[in-house]
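This is what each chain is made of:
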Amino acid sequence: MTSTSLPLEELEVKLRAVDDSRFQMASAIQVKSEKPSGFQASLKYVSLVTLTLQNALLILVMRYVRTQPGELFFTTTAVIMSEIIKASTCLVVIVIQERGIVGCARRIHEDVIKQPMDCLKISVPSILYTLQNNLLYVAVSNLDAATFQVTYQLKILTTALFSVVMLRRQLSKLQWIALCILFVGVSCVQLDLSGSSTKHQTATEQNHVIGLVAVLISCLMSGFAGVYFEKILKGTSQSLWLRNVQLGTLGAIFGYITMELKDGPKVHEKGFFFQYNYFVWFVILLQSFGGLVVAVVVKYADNILKGFSTSAAIILSCVASIYFFDFQLSIPFTVGAFLVILSVYMYSKYVPKSEDVGKLPGVSKS
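This is a predicted model, so every value here is computed, not measured.

Notes on the overall build of the chain
Phase 1 of the analysis: Counting secondary structure elements, the chain contains 13 helices and 0 strands.
Phase 2 of the analysis: Along the chain, helices and strands appear, N-terminal first, in the series α-α-α-α-α-α-α-α-α-α-α-α-α.
Phase 3 of the analysis: For the chain, with 366 residues in total, the buried portion stands at 49%.
Phase 4 of the analysis: In the chain, once contacts between residues fewer than 6 apart in sequence are set aside, the share between residues at least 24 apart is 88%.

Overview of the nonpolar core
Phase 1 of the analysis: Within the largest apolar cluster, 55 residues are counted, with the highest numbers of intra-cluster contacts made by Phe148 and Phe333.
Phase 2 of the analysis: It is helix α13 (residues 331-349) that contributes the most residues to this core, 8 residues altogether.
Phase 3 of the analysis: Not counting residues up to four positions away in its chain, the partners in contact with Phe148 are Ile59, Leu136, Ala139, Val140, Leu143 and Val215.
Phase 4 of the analysis: By size, the runner-up hydrophobic cluster in this structure holds 15 residues, among which are Leu128, Ala225, Ile232 and Leu250.

Concerning the pattern of salt bridges
Phase 1 of the analysis: Under the defined criterion, the tally for this structure stands at 9 salt bridges.
Phase 2 of the analysis: Measuring nitrogen to oxygen at the nearest pair gives 2.5 Å for the salt bridge that ties Arg243 to Asp118. Taken as a pair, Arg243 in helix α10 (residues 240-270) and Asp118 in helix α5 (residues 116-142) lie far apart in primary sequence, 125 residues in all.
Phase 3 of the analysis: With relative accessibility at 0%, the residue Arg243 sits in the buried group.
Phase 4 of the analysis: Between Lys262 and Asp263 there is a salt bridge, with the nearest N and O atoms lying 3.6 Å from each other.
Phase 5 of the analysis: Salt bridges here are not isolated pairs; linked through shared partners, they connect Glu98, Arg107 and Asp111.

Considerations on the confidence of the model for the chain
Phase 1 of the analysis: Of the residues in the chain, 78% have a pLDDT of 70 or more, and the chain-wide mean is 80.
Phase 2 of the analysis: Mean pLDDT across the elements of the chain ranges from a minimum in helix α1 (residues 8-29), with 44, to a maximum in helix α3 (residues 75-97), with 93.
Phase 3 of the analysis: Low confidence marks residues 1-5, where pLDDT is under 50. Its contacts with residues over four positions away, or in another chain, come to 25 contacts.
Phase 4 of the analysis: For residues 11-36, every residue scores under 50 in pLDDT, and the model assigns this stretch 19 contacts once sequence neighbours within four places are set aside.

Quick look at the side chain of Ser343
Phase 1 of the analysis: In this fold, Ser343 is placed in helix α13.
Phase 2 of the analysis: If sequence neighbours within four positions are ignored, Ser343 has contacts with Ala178, Ile181 and Leu182.

Side note on a nonpolar patch on the surface
Phase 1 of the analysis: A contiguous nonpolar surface patch, about 670 Å² in accessible area, is contributed by Ile315, Val319, Ile322, Tyr323, Phe324 and Leu329.
Phase 2 of the analysis: Tracing the sequence through the fold places Leu329 in the loop between α12 (303-324) and α13.
Phase 3 of the analysis: Using a relative accessible area of 47% as the deciding quantity, one classes Leu329 as partly exposed.

Observations concerning the side chain of Asn134
Phase 1 of the analysis: Take Asn134: it is sitting in helix α5.
Phase 2 of the analysis: In this structure the side chain of Asn134 is engaged in a polar contact, spanning 2.8 Å, whose partner is the backbone oxygen of Thr130.
Phase 3 of the analysis: Dropping the residues within four chain positions of it, Asn134 is found in contact with Thr75, Thr76, Val79 and Thr258.

Topic: the packing of aromatic side chains
Phase 1 of the analysis: On inspection of all chains with the given rule, the structure shows 12 aromatic pairs.
Phase 2 of the analysis: Each ring, one from Phe74 and one from Phe274, has its centre 5.8 Å from the other, and the planes form 35°; the classification is tilted. Of this pair, Phe74 sits in the loop between α2 (35-65) and α3 while Phe274 sits in the loop between α10 and α11 (278-297), and the two are 200 residues apart along the sequence. The pair Phe74 / Phe274 is uniform in exposure class, with both members buried.
Phase 3 of the analysis: Between Phe148 and Tyr152, the aromatic rings sit 5.2 Å apart at their centres with planes inclined by 15°, giving stacked as the arrangement.
Phase 4 of the analysis: Using a relative accessible area of 1% as the deciding quantity, one classes Tyr152 as buried.
Phase 5 of the analysis: What links up through ring pairs into an aromatic cluster is the set Phe73, Tyr137, Phe272, Phe273, Tyr276 and Trp281.

Conventions used here
Residues numbered from 1 in each chain as written. Predicted model: local features only at pLDDT ≥ 70, side-chain atom pairs only at ≥ 80, totals over all residues. Heavy atoms only, no water. Helix = DSSP H or I, 4+ residues; strand = E, 2+ residues; numbered from the N terminus. Buried < 20%, exposed > 50% of the residue type's maximum accessible area, 1.4 Å probe, protein only. Contact = heavy atoms within 4.5 Å. Core = buried A, V, L, I, M, F, W, Y, C linked by side-chain atoms within 4.5 Å. Salt bridge = Lys/Arg side-chain N within 4 Å of Asp/Glu carboxyl O. pLDDT = per-residue confidence, 0-100. Patch = residues over 30% accessible without salt bridge, like charges linked within 9 Å, V, L, I, M, F, W, Y side chains within 5 Å. Areas by Shrake-Rupley, 256 points an atom, 1.4 Å probe, with all protein chains shown as cover. Polar contact = N/O pair within 3.5 Å; in protein donor to acceptor, adjacent residues only side chain to side chain. Phe/Tyr/Trp six-rings, centres within 6.5 Å; stacked < 30°, edge-to-face > 60°.

Encoded structure:
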């Protein structure tokens, strides 16, 4: 599920790199017993539940707050608050790491203020993430949570394609097949929407075409921004937390510009926090902390577990949509959702091993 937060794949890579040596050292001195294996097995289950809830809850609650009767909050202000909270949280982490505000200020001066071109590079994904988060609200406002959850998995396809082009990453044959199955599954879901004459009863008007376009553009932005940001991370020495501070700060600035262009007069008239309630704040916190919390948990999960969590989130969204949003399952949607779940599992499971990369078409061992 998407969040305004940093892409989970990049966070996972960095956190695993930092914690790997500590984990191995702890494992080496650990006394042999049955408790560690049981403890780690429990952590995997906790990881599965956390990932599933993060993927499903954000979309479900976001859908709920955007389909309430009466006047609604301004989504552009919610995006700004999410970026501010994310940047502030990461800034606190840096203060702790540098053992004080002085050390934090020194770090920011050395790695940010004295490197303006680096900030210019980071502004690209920041703009894309800000626009993407605004588009997600548009999509969820016009699509059922289940439909959005299935369609948004196209970000796997866009991320894979951008990774192949920009990072020269190699995919296995089964992963390419999984991407094709993913496209077919999402197409089945969209054909079901276009051929359905029934409309779900909501307090706000829905336009499936607008919702679909918003999702597609979001997937493109998510794929490009994620891969571009990963490329930046690999080419610089700045910490991941500092990068999040940059992303959040620039995101808040670009979010403010977006707010002025889209909702400026209304926000000035009714107030920045107009129609905010507990559920709106819950969505904002999920977007701010969700990615960071999951990134800490995901180090205990492997690719297969992540695939299961995504599949479980789709199923959970479908069930919740039936009970809370009067969503009706159809044969095309069921087939499409099954294909998407299958493709996510295949893409996560059949990751090429390092020794097999040279065997892939067009790849030579270095």
